[in-house]
Amino acid sequence: MSGTNSSHAGLTRRSFLKATGVLTGAVAFSGATLGCASQVEGDISSASSDYEVHPTTCISNCHGMACPLDVWTKDGKAFNIEKFQMKDQNLQGVCQRGYSNLQRMYSPERVKYPLRRVEGTARGAGEWEQISWDEAIEYICSIWKSLQSEYGDTCILFSKGTGASSNITTGYVDRLVAYMGASNMPLAYDQAGFFCGTNCLGLEMPYTYWGSESRDLVNAKKVIVWGANPSEAATISFHHISKARENGAKLIVIDPLFTTTAAKADAYVPIRPGSDGLLAMGMMKAIIRDGKQDEDFLKSDTVAPFLVKKDDFHYLRKSDLGQSQVGSKEDAILVCDAQGKPGTPTDIVDPVLEGSFVIDGIEVTTAYSLLLDRLSEWSFDQIAELTDVPVDTIEWLASEYVDGPSMVFSALGIDHWVNGHTGYMNMYALMMVAGQLGKPGTGATVGDSSVPQAIGPNATAITAPKDAKPKSNVLVSEVYDLVFNRPADSKKPVIKSMYFWTHNPIGNLPDRKAWLEVFEAMDLVVVADIWMSESAKYADVVLPVTFMWEEESIASAGNPYLRLMEKVVEPQFEAKGDFEIATLLGRGMGLEDKFQMTREDFLEAVLDNDLARKMGVTWDRLKKEKRIYSYPEEVPVCGSTGVYKTTTGRAQFFREAPAPAFQSDQPWDVKRESLPYWEPPREGWYQNELHDKYPIVFMSERSKFMAHTQFGWSSTMLQELDPEPYLKISVEDARERGIETGDLIKAYNDRGYVVIKAVVTPTTRPGMALIDHGWQEWSFIEGHYSDLSSIASGNVVSNTCFFDCLCQIEKVG
Ligand SMILES: Nc1nc2c(c(=O)[nH]1)N[C@H]1C(S)=C(S)[C@@H](COP(=O)(O)OP(=O)(O)OC[C@H]3O[C@@H](n4cnc5c(=O)[nH]c(N)nc54)[C@H](O)[C@@H]3O)O[C@H]1N2
Ligand SMILES: Nc1nc2c(c(=O)[nH]1)N[C@H]1C(S)=C(S)[C@@H](COP(=O)(O)OP(=O)(O)OC[C@H]3O[C@@H](n4cnc5c(=O)[nH]c(N)nc54)[C@H](O)[C@@H]3O)O[C@H]1N2
Ligand SMILES: [Mo]
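This is a predicted model, so every value here is computed, not measured. (Residues numbered from 1 in each chain as written. Chains lettered and ligands numbered in written order. Predicted model: local features only at pLDDT ≥ 70, side-chain atom pairs only at ≥ 80, totals over all residues. Heavy atoms only, no water.)

Asks: Even after reading the chapter, I still don't get the overall build of the chain, so can you show me in this structure?
Replies: Secondary structure summary: the chain contains 27 helices and 33 strands in total. Since a compact globule built from 813 residues should have a radius of gyration of about 28 Å, the 27 Å found for the chain is in line with a globular shape. With the principal axes as the frame, the chain shows a C-alpha extent of 80 × 65 × 65 Å. In the chain, buried positions account for 63% of the 813 residues. Contacts in the chain between residues far apart in sequence, at least 24 positions, make up 75% of those at least 6 positions apart. For the chain, the computed accessible surface area is about 29,800 Å², with 49% contributed by carbon and sulfur atoms. Side chains of the chain give 77 positive and 108 negative charges; the mean places of these two sets differ by 1 Å. (Helix = DSSP H or I, 4+ residues; strand = E, 2+ residues; numbered from the N terminus. Rg over C-alpha atoms; globule rule 2.2 N^0.38 Å. Buried < 20%, exposed > 50% of the residue type's maximum accessible area, 1.4 Å probe, protein only. Contact = heavy atoms within 4.5 Å. Areas by Shrake-Rupley, 256 points an atom, 1.4 Å probe, with all protein chains shown as cover. Lys, Arg positive; Asp, Glu negative; His and termini not counted. Charge placed at Lys NZ, Arg CZ, Asp CG, Glu CD.)

Dropping the structure here:
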């Protein structure tokens, strides 16, 4: 049945070029336009006889708050969205994306029925046959059973994205993965910052993420936005930044691009992308040179005075001196006094910070001395040259930062590089050296991803049951090689089939062509999605999923309120929730006894935990009250007790025997990884050999009209506001190539190309170009922006490095 879900009528860039005017023609339900909102007046509570009001939320991964909102229905149709006014006036929920949700729910792009690729047609050709749910489940499970008996349980790879992760019921699919003994592909998005935060500060979830809550921003005197663009990508948190500025805080933005956040700043520091780790080292050097390091803080709250054995970079402990059993409780790490006499930090109240000593014949030094050694590897001039930040600017930044309280607002601009972790590790070290940690208005935040889970959903026992088969993780960066170059004696799985939910890998993973090849090599690719996404388009079977307001659930993340998501309307077409799909597939795989739970049982069970009980939260209470405020009144400050949840209990710029995030036989230099260092990006660097051929760093940035591949294309309103993608290029690079705004250009490298319109802008740094993140195949004139990026990742965190990418650009029309 071709055409049902695959044509993207009215929404494709290509058809837009052929026939303008189609953009407004795609509203399925006449009431589903924004204009209706203003026509309804009166008190919501007394209006229930006319229409019903349903509390729910807007779920997406926008680093917003999964904003609570109310949806109004009449005769089973939703027609209006109202903001829920949260207690904290700074948290003004519901943006243009939130208000587009009616159009998205009633979008013609919805997947309506289970679809199977017509036999003999190519993947992606858009030839589908409609099948029943029974047929779909039987088809998938029979293939899976025969593959598992031939290649082992792990030959089916499941991958969950971020598309709806704060809708708690989507996690139920993990139970299927666990009991099937299938492989799991853990997320590679955004791994470096969190890895570094956990290693350096031992972050205490759930209330903090990367350090502190963004509510704490209002206590800062300096806010350093570093590798983030919160005015587009964390709009709720940006309210806290604005509030901080109203309180007199200075806003400094460090970014290669003059962003919309930079436009609001008191100072903007342009930087060469990929060099932030080095800038942090330069700032530390300047602070220490000027004697402004916080020695008291370094001695009491960080590992700085801890003695480290020079040969193996392990701490000197009492057991090394024969004073305790190895690994016993008494086996404390030692510090020493100015005379080189060792003792525990409790014995020696004023330990030395620097120096080398021989204790009982063992050569030791302090962790701080090792940091100074690392800093001395670079001169100010070298740092200025490589970062493209002049020495006096580095000195100025350092003096501003140390004059706190100063808080870093970072996000993923630094993450999306192979050397991303060097940026964050060094930033955390800088916080320690400057003493900008452990007090209100200091540390780092990454937008409001704080999670009220302490009183909320705790689904792990159900989604990762103890009696399940052992977990098999396959990294994103490993998949291609496993599929095409797997050595016969490898212990890793033979991958034959893939299942994606809340994930659009073809649109969102780097090196899209490699993923298309991987899809092509599979016996069966299943995508469960609400809309006919780019990945669904290339699947063998597409399962229609309910929109977030078509089933009851709990919103679990990113908001002060624990939120009930009422079922607003009945599921449309034949769509089913991920929970129900997992149940059907589980039963189809012969796991009937494990998949007996109803959705209601699950929701009740996830609130059945000690923390919830302590706070008096139950499923019944949530159903009655709908939203329960659950943030602590006092903003938690990471490290305010002087104790960190790290292996040493202190803030750590030195890490003993560090391990990579995922152990996967990668080369690993323990000594090097123990302390701050910097190395250039893998590809996107001006001194790279490839740079002669491909002189432009190719990146993307967040747009307020999309959250990844969601929103824009499934809402005509957002389409009108942001109809087509474009590439931003600097005035200098455009002039050199004879490019003007509106020209068609081709950006290309050895991996692929994209043809798109150009926008020439002074906000883009020479040597860089970028396209808004989130566009899918049909929006480009030719090619795809994800065909240019590389799947290469670092050996530390296996992160996806979208920005570590070079290209050339030429005019084509
Ligand atoms: N509207 C919207 N909001 C979103 C999302 C969305 O898709 N749409 N996605 C959410 C998600 S999952 C994420 S991960 C976040 C990402 O949030 P952000 O990281 O804030 O978003 P980006 O626009 O990708 O990049 C941030 C900035 O980093 C800069 N940058 C790039 N490389 C470097 C570098 O090497 N050094 C420095 N200093 N800066 C650099 C870029 O120029 C850009 O201005 O956004 C979240 N919020
Ligand atoms: N070029 C470039 N690419 C990037 C980035 C970048 O900066 N540049 N950023 C990356 C980052 S940081 C991230 S986090 C990723 C995000 O990548 P993804 O996790 O893939 O995020 P989305 O595109 O939001 O959603 C994936 C799919 O989930 C579907 N979906 C929504 N709700 C549900 C549901 O309830 N059930 C099911 N089954 N499906 C649902 C949506 O329709 C969508 O097709 O993108 C990455 N890709
Ligand atoms: Mo992300």
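Asks: It is not clear to me how the sheet that holds strand S15 (residues 362–366) should be interpreted in this structure. Could you clarify?
Replies: To summarise the sheet geometry, strands pair through backbone hydrogen bonds and adopt either a parallel or an antiparallel arrangement. Taken in spatial order, the three strands make up an open sheet running S11-S15-S14, and their pairing is antiparallel. If you trace the sheet from one side to the other, it starts and ends with strand S11 (307–309) and strand S14 (356–359), each paired once. Pairwise comparison of adjacent strand axes, ignoring direction, gives a mean angle of 40° for this sheet. Two strands pair when backbone bridges link them, and S14 and S15 are joined in this way by four bridges, in the antiparallel orientation. By the bridge assignment for S15, Val358 is matched with Glu363. The strands touched by helix H12 (residues 367–376) within the sheet are S11 and S15, with S15 carrying the most contacts at an inclination of about 70°. (Pairing = 2+ DSSP bridges. Axes fitted to C-alpha atoms, helices over the stretch in contact; angles between N-to-C directions.)

Asks: Explain the site of ligand 2 to me, please; I cannot follow it from the model alone.
Replies: The environment of ligand 2 is made up of 31 residues, and the closest members are Asn508, Asp529, Asp578, Arg702 and Thr709. A distance of 2.7 Å separates a nitrogen atom of ligand 2 from a polar atom in the side chain of Asp578. Here Ser700 contributes a side-chain N or O atom positioned 2.7 Å from a nitrogen atom of ligand 2. The protein chains hide 97% of the 920 Å² of surface that ligand 2 would expose on its own. (Near = heavy atom within 4 Å. Polar contact = N/O pair within 3.5 Å; in protein donor to acceptor, adjacent residues only side chain to side chain.)

Asks: Even after reading the chapter, I still don't get the packing of aromatic side chains, so can you show me in this structure?
Replies: Given two aromatic rings, one states the distance between the centres and the angle between the planes to describe the pair. Summed over all chains, the structure comprises 31 aromatic pairs. When the centroid spacing of 3.9 Å and the interplanar angle of 25° are considered together, the rings of Tyr172 and Phe579 count as stacked. Of this pair, Tyr172 sits in the loop between strand S6 (156–160) and helix H6 (173–180) while Phe579 sits in helix H21 (residues 578–588), and the two are 407 residues apart along the sequence. Of the two residues, Tyr172 and Phe579, both sit in the buried class. Geometrically, the ring pair formed by Tyr561 and Tyr629 is edge-to-face, given 5.1 Å between the ring centres and 85° between the ring planes. Of this pair, Tyr561 sits in strand S23 (residues 561–565) while Tyr629 sits in strand S24 (residues 627–629), and the two are 68 residues apart along the sequence. Residue Tyr561 is classed as buried on the basis of its relative accessible area of 7%. (Phe/Tyr/Trp six-rings, centres within 6.5 Å; stacked < 30°, edge-to-face > 60°.)

Asks: Mind showing me how you'd approach the side chain of Thr302 here?
Replies: Looking at the element boundaries, Thr302 is found in the loop between helix H11 (295–301) and S11. Within polar-contact distance, the side chain of Thr302 engages the backbone oxygen of Leu298 at 2.6 Å.

Asks: Looking at this model, I keep getting lost on the sheet that holds strand S3 (residues 77–83). Mind explaining?
Replies: One open sheet accounts for three strands, arranged S1-S2-S3; its pairing is antiparallel. At either margin of the open sheet sits one strand with a lone partner, and together these are strand S1 (52–57) and S3. The mean angle between the axes of side-by-side strands here comes to 30°, regardless of whether they run parallel or antiparallel. Bridge count for strand S2 (residues 68–74) against S3 is six bridges, and the pairing is antiparallel. In the sheet register, Leu69 faces S3, and the bridge partner there is Lys83.

Asks: What exactly am I supposed to notice about the nonpolar core here?
Replies: Taken as a class, soluble globular proteins show a tendency for nonpolar side chains to be buried jointly. If you look at the biggest cluster of nonpolar residues, it comprises 93 residues, and the most contacted ones within it are Leu201, Trp226, Phe653 and Phe654. With 10 residues, the single largest contributor to this core is helix H15 (residues 420–434). Core analysis: the second largest hydrophobic core is formed by 87 residues, Met65, Val569, Ala582 and Leu607 among them. (Core = buried A, V, L, I, M, F, W, Y, C linked by side-chain atoms within 4.5 Å.)

Asks: Sorry, what's going on with the UniProt feature "domain: 4Fe-4S Mo/W bis-MGD-type" (unreviewed entry) in the chain here?
Replies: When the UniProt feature table is mapped onto this chain numbering, "domain: 4Fe-4S Mo/W bis-MGD-type" (unreviewed entry) sits at residues 51–109. What you have in residues 51–109 is 15% helix and 34% strand, and the ends, taken at the C-alpha atoms, are 27 Å apart. (UniProt positions renumbered as here; feature names shortened; annotations may be inferred.)

Asks: Got a minute to help me understand the pattern of salt bridges in this structure?
Replies: Side-chain pairing between opposite charges can occur once the charged atoms of the two side chains come close. Applying the stated criterion across every chain yields a total of 44 salt bridges. In this structure, the salt-bridge partner of Asp266 is Arg245, at a minimum N-O distance of 3.0 Å. Here Asp266 is found in the loop between strand S9 (250–254) and strand S10 (267–269), whereas its partner Arg245 is found in helix H9 (residues 235–246), with 21 residues between them in sequence. For Arg599, the salt bridge is made with Glu580, and the minimal N-O distance between the two is 2.8 Å. Of this pair, Arg599 sits in helix H22 (residues 599–606) while Glu580 is found in helix H21, placing the two residues 19 residues apart along the sequence. What emerges from the salt-bridge pattern is a single network uniting Lys221, Lys222, Lys250, Glu400 and Asp403. (Salt bridge = Lys/Arg side-chain N within 4 Å of Asp/Glu carboxyl O.)

Asks: Looking at this structure, how should I read the site of ligand 1?
Replies: In the vicinity of ligand 1 there are 35 residues, among which Ala233, Asp255, Asp276, Met706 and His708 approach most closely. Within the backbone of Gly274, a nitrogen or oxygen atom sits 2.7 Å from an oxygen atom of ligand 1. For ligand 1, a nitrogen atom lies 3.0 Å from a polar atom in the backbone of Gly413. Summarising the interface, the protein chains cover 99% of the accessible area of ligand 1, which totals 910 Å² for the free molecule. Elements supplying a minimum of two residues to the shell around ligand 1: helix H8 (230–233), strand S25 (696–701) and strand S26 (706–707). Composition of the shell around ligand 1 by domain shows at least three residues from each of domain 1 (212–445) and domain 2 (696–811). (Domains from an automatic or database assignment.)

Asks: Hey, could you run me through the domain arrangement of the chain in this one?
Replies: By convention, interface size is frequently given as the accessible area that disappears when the constituent parts associate. Domain boundaries in the chain define domain 1 (212–445) and domain 2 (696–811). Spacing between the C-alpha centres of domain 1 and domain 2 amounts to 33 Å. Each partner contributes to the interface: domain 1 provides 20 residues, whereas domain 2 provides 21 residues. Summed over both partners, the interface of domain 1 with domain 2 comes to about 1,700 Å²; 61% of that surface belongs to carbon and sulfur atoms. Residue Lys704 pairs with Glu232 through a salt bridge whose shortest N-O separation is 3.0 Å. Linking domain 1 with domain 2 are eight residue pairs in polar contact (both at pLDDT 80 or more), by the criterion used here. Sorting elements by how many residues they give to the side of domain 1 that touches domain 2 places H8 first, with three residues. A class-by-class count of the residues in the side of domain 1 that touches domain 2 yields 10 nonpolar, six polar and four charged. (Buried area = accessible area lost by both parts, 1.4 Å probe. Nonpolar A, V, L, I, M, F, W, Y, C, P; charged D, E, K, R; others polar.)

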